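# Descriptive analysis of the structure
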Amino acid sequence: MPRALPFAALPAVAEEAPDPATLAKVQAVATRGYAHPEAAKIRAVHKSAAKSGLGWCGEVTVEKGEGYTPFHAILADKDGKGATVIRLADYPPSDTSRNAEMVRKLMTNFGCTR
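Numbering of residues starts from 1 in every chain and runs along the sequence as written. Confidence filtering applies because this is a predicted model: local features only for residues at pLDDT of at least 70, side-chain atom pairs given and counted only at 80 or more, and all residues used for totals across whole chains, interfaces and linings. Side-chain numbers come from the whole structure's heavy atoms, not from hydrogens or water.

## Considerations on the environment of arginine 104
Strands are runs of DSSP state E lasting at least 2 residues, helices are runs of H or I lasting at least 4, and numbering of each runs from the N terminus. Relative to the elements of secondary structure, arginine 104 occurs in helix α2 (residues 98–109). We call a residue buried when its accessible area falls under 20% of the maximum for its residue type, exposed when it is over 50%, and partly exposed in between, using a 1.4 Å probe and counting protein chains only. Residue classification places arginine 104 among the partly exposed residues on the basis of a relative accessible area of 26%. For arginine 104, the contacting residues outside a window of four places in its chain are Leu88, Tyr91, Pro92, Pro93, Asp95, Thr96 and Thr113. Two residues form a contact once any of their heavy atoms are found within 4.5 Å.

## Here's the deal with helix α1 (residues 20–30)
Looking only at α1, the buried set comprises Thr22, Val26, Val29 and Ala30. Buried residues of α1, seen end-on, are gathered within an arc of 95 degrees and therefore sit on one face of the element. What qualifies as a polar contact is a pair of N or O atoms within 3.5 Å, subject to a donor-acceptor requirement within protein and to the restriction that residues adjacent in sequence count only when both atoms come from side chains. Two or three places before alanine 21, at the start of α1, stands the capping residue aspartate 19, its side-chain oxygen 3.0 Å from that residue's backbone nitrogen. The arc in question is traced by the directions running from the helix axis to the C-beta atoms.

## Things to note about the packing of aromatic side chains
Note on aromatic contacts: the rings of Phe and Tyr and the six-membered ring of Trp form a pair at centre separations within 6.5 Å, being stacked when their planes are under 30 degrees apart, edge-to-face when over 60 apart, and tilted otherwise. Applying the stated rule across the entire model yields zero aromatic pairs. Here, a charge over a ring is recorded when the distance from Lys NZ or Arg CZ to the ring centre is within 6 Å and its angle to the ring normal is within 35 degrees. When the ring centre of tyrosine 68 is taken as reference, the NZ or CZ atom of arginine 43 above it lies at 3.7 Å.

What follows is the structure in structure tokens.
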């Protein structure tokens, strides 16, 4: 009898690419709080493993620094409520707070990081 794979190894939903309208919404949420969101770039955007079905993972340019950081964006529901983003760069490895530890776990569980 074959063994079941652990949840984290299941690639099912995590590879779906967004349509252009959804991608624009993801970019708007991923750059929330940026002084110049129009200058930011996103890449590697794919559906997350969040149960709501509204989550998207990807990488966004770091506003104050170089390179990209992983993010998890939850788009607004049909009523326009609930849009939120977490960016890994906002919780650097030196941050040992409970919030930072939880963010790192969530990013892994959502399929945004390994």
